[in-house]
Amino acid sequence: MLSQNIFDKEFDRDSVFTDRNLLSPHYTPLELPFREHQIKQISHILGQTLHNKKSDNLFIYGKTGTGKTSTTKNVMKQLVEFSSAKNIKVEGIYINCRNHNSKYRALIKIVKDLYPEGNFMGFSAAFIYEKLVGYVRAGKQLVIVLDEVDKVKDLDELIYALTRSNDEIDKGGITVVGISNNLMFKDRLDPRTKSSLCEQEMVFPPYNAEELKEILKRRAEHAFKKDVVEDSALSLAAAFAAQESGDARTAVMLLLRAGEVADRKGIEKITDEEVKKAKNKVEEELILNMVSTLPEQQQLVLYAISVLSLEKRGIRKITGQLEEGVLFSGEIYDEYERIAKKIGKDVVSARWYREYISELEMYGLILSTNSGKGIKGQTRLIKLGFDARKIRQLLEKELMIG
Ligand code: ADP
Ligand code: MG
């Protein structure tokens, strides 16, 4: 007799989930508790387009995980559904500028969405712009969402192009919705860009622990079998995420990972213990995610720190005591310079280097102190705030070295 296929068991294996995908970061939930007010406000603004009027441009900002992307996508989906049911010429385009981070790339993405058959790679920006204007001129109202808009290198030019087009069109119109996780970004905008983009503004506040608990409870009802998650586990996950600045993404990640922990253990309940296990994992994921979105030059500095942390035994103080993992700022700069040159990258000045060090410290990726008198002269001492091996491994991949 044939032995049993290993997947028979794997396939039937008990799981706490009914649908794990419902907790994936890519999934947009259908209901968004505590964002009713924001949904109403956005739809009030964008509703103008249904009367064939260009609506005010809108700038939405707030910390990561406050529901900006989900809320905007939710409203856009309803706007497009409504207009197509009523045969009104409104169309929506969503762009994550992290993946389309220049005026040219964003415009290409827009016309590609408008003309799915066309291939626009390699055409001039002027040609692509004309394609866009031509589309709208047929009497369409176009709403363009630029998510993570701060990632666009030449944003002034992009916003100028999109808003200027309205002067050239008399029938249709283009409305821009910009979204940013960066609270300071708005103040750094060129005044003209600011006044075009921020005709209307909205801030998304962080969720508090109570709100996060309710959000998790509702998400759990869809993603898990009945009564799988203990109430205290929900509270704990919500409390952890509330500490992480009220970030619903962290909260949902905790729930997902806690479910995976339970499955691995083969148990049917998610308790505090699984949430605590999940917390370590999620924290690590958050840090690695932050590292992989740093600008390249900062990644190089951090890479140099991780390499030296692994190579050196630390520094010896006057007392003879060994301080593990502690590095001199100067030796990091030398190592950074060596690595950058080796892989053919620019080397920034020492002044910029110090700027990068302060930013890395602000993100909690490194710790630094002044040496005081215990060590030769006065110098800055730096220590990695996280597992050096993991950082080095990740950055080798990101920077394609190793
Ligand atoms: P932001 O764009 O502000 O960083 P997102 O909209 O991406 O935040 O939300 C982060 C995660 O949290 C997503 O997985 C989303 O599904 C979830 N989330 C955010 N707000 C809510 C809410 N009110 N109800 C349910 N899930 C939410
Ligand atoms: Mg977002």
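Here the structure is a predicted model, which is why all the values come from computation and not from measurement.

Analysis parameters
Numbering of residues starts from 1 in every chain and runs along the sequence as written. Labels follow written order: the first chain is A, the first ligand is 1, and so on. Where local features are concerned, this predicted model is filtered to residues with pLDDT of at least 70; where side-chain atom pairs are given and counted, the filter is 80 or more; whole-chain, interface and lining totals use all residues. Remark: hydrogens and water are excluded; side-chain values derive from all non-hydrogen atoms of the structure. Put simply, a nonpolar core is a bunch of buried Ala, Val, Leu, Ile, Met, Phe, Trp, Tyr and Cys residues held in one set by side-chain atoms that sit within 4.5 Å of each other. Between buried and exposed lies partly exposed: a residue is buried under 20% and exposed over 50% of the maximum accessible area for its type, with that area taken using a 1.4 Å probe on protein chains only. Should any heavy atoms of two residues lie within 4.5 Å, those residues are considered in contact. Each helix is a run of H or I in the DSSP string that is no shorter than four residues. Each strand is a run of E no shorter than two, and both are numbered from the N terminus. Polar contacts, as counted here, are pairs of nitrogen or oxygen atoms within 3.5 Å of one another; within protein the pair requires one atom able to donate a hydrogen and one able to accept it, and residues that are adjacent in sequence qualify only if both atoms are side-chain atoms. If a single non-hydrogen atom of a residue is within 4 Å of a molecule or strand, that residue counts as near it. Surface accessibility follows the Shrake-Rupley procedure with a 1.4 Å probe radius. Residue values consider only the protein chains on display as shielding. Classes in brief: Ala, Val, Leu, Ile, Met, Phe, Trp, Tyr, Cys and Pro nonpolar; Asp, Glu, Lys and Arg charged; the others, Gly included, polar. The domain limits used here are those given by an automatic or database domain assignment. Throughout, the accessible surface (probe 1.4 Å) given up by two parts as they are put together, summed over both, is called the buried area. The term salt bridge refers to a side-chain nitrogen of Lys or Arg lying within 4 Å of a carboxyl oxygen of Asp or Glu.

A. Here's a closer look at the nonpolar core. If you look at the biggest cluster of nonpolar residues, it comprises 35 residues, and the most contacted ones within it are Ile110, Leu132, Leu146 and Leu162. Discounting chain neighbours no more than four positions away, the residues touching Leu132 are Leu107, Ile110, Val111, Leu114, Leu142, Leu162 and Ile174. Among the nonpolar cores identified, the runner-up in size contains 33 residues, and Phe17, Leu212, Phe224 and Val228 belong to it.

B. Highlighting the side chain of Ser180. Here Ser180 lies in strand β4 (residues 173-180). A relative accessible area of 1% places Ser180 in the buried class. A distance of 3.0 Å separates a polar atom in the side chain of Ser180 from a polar atom in the side chain of Asp150. Setting aside its immediate chain neighbours within four residues, Ser180 contacts Phe59, Ile60, Tyr61, Gly62, Lys68, Val149, Asp150 and Phe185.

C. Representation of the site of ligand 1 in the model. Among the 19 residues in the neighbourhood of ligand 1, the closest are listed as Gly65, Lys68, Thr69, Ser70 and Tyr207. Lys68 is positioned such that a nitrogen or oxygen atom in its side chain is 2.7 Å from an oxygen atom of ligand 1. Measuring from an oxygen atom of ligand 1, one finds a side-chain N or O atom of Arg249 at 2.8 Å. For ligand 1, the accessible surface in isolation is 550 Å², of which the surrounding protein chains cover 96%. Residue assignment for the shell around ligand 1 shows that the elements contributing at least two residues are α3 (68-85), α9 (209-223) and α11 (248-265). Broken down by element, the residue count for the shell around ligand 1 peaks at three residues, all from α3. Here the shell around ligand 1 is built from residues that sort into seven nonpolar, seven polar and five charged. A domain-level breakdown of the shell around ligand 1 finds at least three residues from each of domain 1 (36-203) and domain 2 (207-292).

D. Highlighting the domain arrangement of the protein. The domain architecture assigned to the protein consists of domain 1 (36-203), domain 2 (207-292) and domain 3 (296-398). Tallying the contact residues gives five residues for domain 1 and six residues for domain 2. Summing both partners gives a buried area of about 420 Å² for domain 1 against domain 2, and 43% of it is carried by carbon and sulfur. Considering only the surface of domain 1 that becomes buried against domain 2, Thr64, Gly65 and Thr66 emerge as the three largest contributors, covering 73% of it. Summed over the shared surface of domain 1 and domain 2, the number is zero salt bridges. On inspection of domain 1 and its partner domain 2, the count reaches two residue pairs in polar contact (both at pLDDT 80 or more).

E. Structural detail: unusual backbone geometry. Its identity is not glycine, yet Asn87 carries a phi of approximately 60°, on the positive side. Inspection of the secondary structure puts Asn87 in the loop between α3 and β2 (90-96). Residue classification places Asn87 among the exposed positions, given a relative accessible area of 72%. Of note in this structure, Glu148 is not a glycine but carries a positive phi near 50°. Position of Glu148 among the secondary structure elements: in the loop between β3 (141-147) and α6 (155-168).

F. Seen up close, the pattern of salt bridges. By the definition in use, this model includes 26 salt bridges. Between Glu214 and Arg218 there is a salt bridge whose closest N-O contact spans 3.1 Å. Here Glu214 and its partner Arg218 are both found in helix α9, four residues apart, which amounts to about one turn of the helix. The class of Glu214 is partly exposed, set by a relative accessible area of 29%. In this structure, Glu260 engages Arg257 in a salt bridge whose closest nitrogen and oxygen atoms are separated by 2.9 Å. Within this pair, Glu260 and its partner Arg257 are both found in helix α11, separated by three residues, close to a single helical turn. Comparing Glu260 with Arg257, the two get one shared label, buried.

G. Up close: the environment of Glu157. Among the structural elements, Glu157 can be located in helix α6. On a C-alpha basis, the gap between Glu157 and Leu394 in space is 34 Å, while along the polypeptide they are 237 residues apart.

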